[in-house]
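# Observations on the model geometry
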Amino acid sequence: MSDFITNKKRTHYCGTVCAADAGKEVILMGWAHRRRDHGGVIFVDLRDREGLVQIVFNPEISPDVHHEAHKIRSEFVLAVKGKVRKRPEGMENPHLKSGEIEVMVSELEIFNEARTPPFLLDGEADISENIRLKYRYLDLRRPELQKNLILRSYVAAEARHFLHDAGFIEVETPFLTKSTPEGARDYLVPSRINHGMFYALPQSPQLFKQLLMISGFDRYYQIVRCFRDEDLRADRQPEFTQIDIEMSFIAEDDIISIMEGLMAHIFKTCLGKTLNTPFPRLAYHDAIACYGRDNPDVRFGLKLQELTDILKDAEFKLFQEVISTGGLVKAIKIDAEHGKQISRKDLDGLKDFVGTYGAKGLAWARLQPEGWASPIFKFLKPAEVQQINEKMEAKDGDLILFLADTPKVVHDALGNLRNHLAKKLNLIEADQLAFVWVTEFPLMEYSDTEKRFMSTHHPFTSPVIEDMPLLKTDLGKIRARAYDLVLNGSEIGGGSIRIHRPDVQAMIFDALGLSQEEVRRKFGFFIDALEYGAPPHGGIAFGLDRLIMIMAGAESIRDVIAFPKTQKATCLLSEAPSTVEIGQLMELSLKIVS
RNA sequence: GGGGUCGUAGUUAAGCUGGUUAUAACGCCGGCCUGUCACGCCGGAGGGCGCGAGUUCGAGCCUCGUCGACCCCGCCA
């Protein structure tokens, strides 16, 4: 074995060698980031996870080592021994943390050569994602991704630290578990021992953590992988990580305040940022009314204003039709300064944008010195225009965008348009952290595809007690004891107080249209457990990946996961999924039918 | 399942209304250089345009199909 490693141990990480080390003998190990060969003297930037340091090969120090150094190419793996010295006057590199010093190498070992990498590992590598993912182990050498994953590690460690100190017990729950067809599509695992039967990978440890409450653990947490076989997005991967939490003998405010403490601790220790707690709260109904979505980005205005009442008698066919069939008219005002950045052509683009959310049109009006310029205002009475002016507090130059449609389409389209405009018009200040709790979710929502009411959260969410009578009359109006934590317009966590009484649980299953046999088949073990003394309990789960995305300022969830999947849920590095040997299928009594 | 953007040397891109030997930068290889740090200078190699059809005298440019990456809708209790 090499004398380096066995006898000569690494003394410093490259990025940590600094001016204070001048005069010291150091041993460094890392990758050749860049080489500058001047014929006489050779400079190499040596890189490890902590950063870069310039190492210098000078023939006057050792002709042999200098000769050997000629072989060094990008990404060769090196060990060097040498003396740290202050760089000569005027030769400092202010771009480098270790730029004041350099290491004069007296001994070199090339541990390993490297093929020329398929892409440069320098700075902002604007390389197509398929190449990056195929050579993920090289992409991960880039400082940006190293930084993200190191942050991720810190956050997980600090979360554990905080929760441990707060009396939470980390318990592992099974990955091979029972399929529960409610909710997302399951990843299935065939059972070899039980032919024709399948495990499912957990979408979340929901029932297990509730069972742990019944078992008396009182406070549980787990940083745990979850699996959902649904289509991917920029912030969605088929396997993702949750900080999963459950507590007994508590109510909403108990959980909310401890979780605010958790967030404050994580942001303080990992980013040095102080959060203002408690976080503001917003009822679901108000979130939808003002922001169009249940994960509002409250870093900017552009709130939705309702004009339905003002326009209900308007002699404009389109509005009349929409309003008389239960639809709404809502509008967003863009102030003059930003409104003028939006051209007629942009307006066409915005119309197409809302089209993707089912909106059939997008009307606009611009207040100009000579009055309103708008394709629709000619259909309105002066009194109506006047009321719109007042409601929107319109000033000269303002641009108003109107949408008339069903409530769902109006909120969907304008909610997304609002976010789109904020980005386009640069309305979001960097480094803002806008947390908001969204509360009072509906317990159930009617599903047009399933033709029945479905749980908004999951069927174990407790309804608000006073709303219980609505179980007989108006299922859509029952509020849930649920809460989501939203950060900068992204849902980073969600949870609820659970049902702990078997009779209440039975009523909810009944309202969801699940027969007793179905309930028994799907959740029998859990129903049984509820009957053996379940404490009042509730919990929450945070999406660790999304949280890290925001903390790291990452554009994509793939940038905070070491080995992510593509949008088609494949791994370009390992080439999973793949076909398997026929023998493996036979062992599982499986047959590919098409 | 649907909509959109993209696919040209190792990489990132350019390639005009289809027209001889397909450009550039970086990277790579060789040479020179004792103070560079996106080192510099000189020289060189490297692709036939994701793949497959078609239209045409002629296709990187047009058409169709197909594969892949990304973004979005649906989906994500």
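Residues numbered from 1 in each chain as written. Chains lettered and ligands numbered in written order. Predicted model: local features only at pLDDT ≥ 70, side-chain atom pairs only at ≥ 80, totals over all residues. Heavy atoms only, no water.

## Re the environment of Q341
For clarity, the threshold we go by: Numbering of helices and strands runs from the N terminus; a helix is a DSSP stretch of H or I covering at least four residues, while a strand is a stretch of E covering at least two. Pairs of residues are marked as contacts when any of their non-hydrogen atoms sit within 4.5 Å.
Residue position: Q341 is located in the loop between α11 (336-339) and α12 (344-355). Each C-alpha atom, one on Q341 and one on Q368, is 15 Å from the other, the two residues being 27 residues apart in sequence. Residue contacts for Q341: discarding those within four places in its chain leaves D346 and L425.

## Describing the domain arrangement of chain A
Heads up, the rule is: Annotation comment: domain bounds sourced from an automatic or database domain assignment.
With domains assigned, chain A is organised as domain 1 (3-112), domain 2 (145-282 + 436-561) and domain 3 (300-428). A separation of 37 Å is found between the C-alpha centroids of domain 2 and domain 3.

## Here we look at the sheet that holds strand β3 (residues 51-57)
Here is the rule: Criterion used throughout: strands pair if DSSP finds at least two bridges between them. Angular values range over 0 to 180 degrees, each being the angle between N-to-C directions of two axes fitted as lines to C-alpha atoms, with helices fitted over their stretch in contact.
An order of β1-β2-β3-β5-β4 is seen for the 5 strands of this closed barrel, with the pairing classed as mixed. Each neighbouring strand pair of the sheet contributes to a mean axis angle of 55 degrees, computed without reference to strand direction.

## A short note on the nonpolar core
Test applied: Residue types Ala, Val, Leu, Ile, Met, Phe, Trp, Tyr and Cys, when buried and joined through side-chain atoms within 4.5 Å, form a set referred to as a nonpolar core. Only protein chains enter the accessibility calculation, which uses a 1.4 Å probe; a residue is then buried when its area is under 20% of its type maximum, exposed when over 50%, and partly exposed in between.
V155, I245, M259, L262, M263, F435 and F542 are the most contacted members of the largest nonpolar core, which has 42 residues in total. If one sorts the elements of this core by residue count, helix α7 (residues 252-271) sits on top with 9 residues. Discounting residues that sit within four places of it in the chain, F435 has contacts with M263, F267, L275, F279, P280, L485, V486, L487 and I492. Among the nonpolar cores identified, the runner-up in size contains 35 residues, and I288, Y291, F460 and V486 belong to it.

## Points about the pattern of salt bridges
Here is the rule: Put simply, a salt bridge is a Lys or Arg side-chain nitrogen that is within 4 Å of an Asp or Glu carboxyl oxygen.
Summed over all chains, the structure comprises 40 salt bridges. Across the pair E102 and R85 runs a salt bridge, and its minimum N-O distance is 3.0 Å. Here the residue E102 occupies a position in strand β5 (residues 101-112), and R85 occupies one in strand β4 (residues 77-86), the gap between them amounting to 17 residues. A salt bridge links D412 to K408, with the shortest nitrogen-to-oxygen separation between them at 3.8 Å. Of this pair, D412 and K408 both sit in helix α14 (residues 407-424), 4 residues apart, which is roughly one turn of the helix.

## Some details on the state of the cysteines
To keep things clear, this is the line we draw: Here, the term disulfide refers to a pair of cysteine sulfur atoms separated by no more than 2.5 Å.
Within this structure, the stated rule accounts for 0 disulfides. With no disulfide partner, C226 has as its closest neighbouring cysteine sulfur the one in C571, 20 Å distant.

## A few points about unusual backbone geometry
Of the consecutive residues T277 and P278, the connecting peptide bond is found in the cis state with omega at -5 degrees. One can find P278 in the loop between α7 and β11 (281-283). Note the cis peptide between A576 and P577, where omega equals 0 degrees. In this fold, P577 is placed in the loop between α18 (544-552) and α19 (582-587). Here D218, not a glycine, exhibits a phi torsion of approximately 70 degrees, which is positive. Looking at the element boundaries, D218 is found in the loop between α6 (206-214) and β9 (219-227). Its relative accessible area of 30% is what places D218 among the partly exposed residues. In the Ramachandran plot, D431 falls in the positive-phi region, its phi being about 70 degrees despite a non-glycine side chain. If you trace the backbone, D431 turns up in the loop between α14 and β17 (435-439).

## Overview of empty space enclosed by the protein
Over the atoms, a rolled probe matching the size of one water molecule traces out where space is still vacant. What counts is decided by this rule: In this analysis the probe radius is 1.4 Å and the grid spacing 1 Å, with only protein atoms considered; a cavity is a set of points the probe fits into but cannot get out of, a pocket is an open set with protein on both sides within 12 Å along at least five of seven lines, and lining residues have an atom within 4 Å of a point. Grid points are joined across faces, edges and corners, and a volume is the space filled by probe spheres set on the points. Nonpolar residues are Ala, Val, Leu, Ile, Met, Phe, Trp, Tyr, Cys and Pro. Charged residues are Asp, Glu, Lys and Arg, and all others, Gly as well, are polar.
Per the counting criterion, the structure on display carries 1 cavity of 30 Å³ or more. Around the largest cavity sit L133, R136, F563, P564, T566, T570, C571, L572 and L573, which together line it. Broken down by class, the residue content of the lining of the largest cavity amounts to 6 nonpolar, 2 polar and 1 charged.

## Quick notes on the pairing of strand β20 (residues 482-487)
Two faces make up the sheet, and in a regular strand the side chains alternate between them. Across the 6 residues of β20, 6 count as buried, placing the element largely inside the fold. On β20, burial covers both faces: A482, D484 and V486 on one face and Y483, L485 and L487 on the other are all buried. The pairing of β17 with β20 spans 5 bridges and is classified as antiparallel. By the bridge assignment for β20, F435 is matched with L487. Bridge count for β20 against strand β21 (residues 490-497) is 6 bridges, and the pairing is antiparallel. Looking at the pairing, L485 lines up with G493 of β21.

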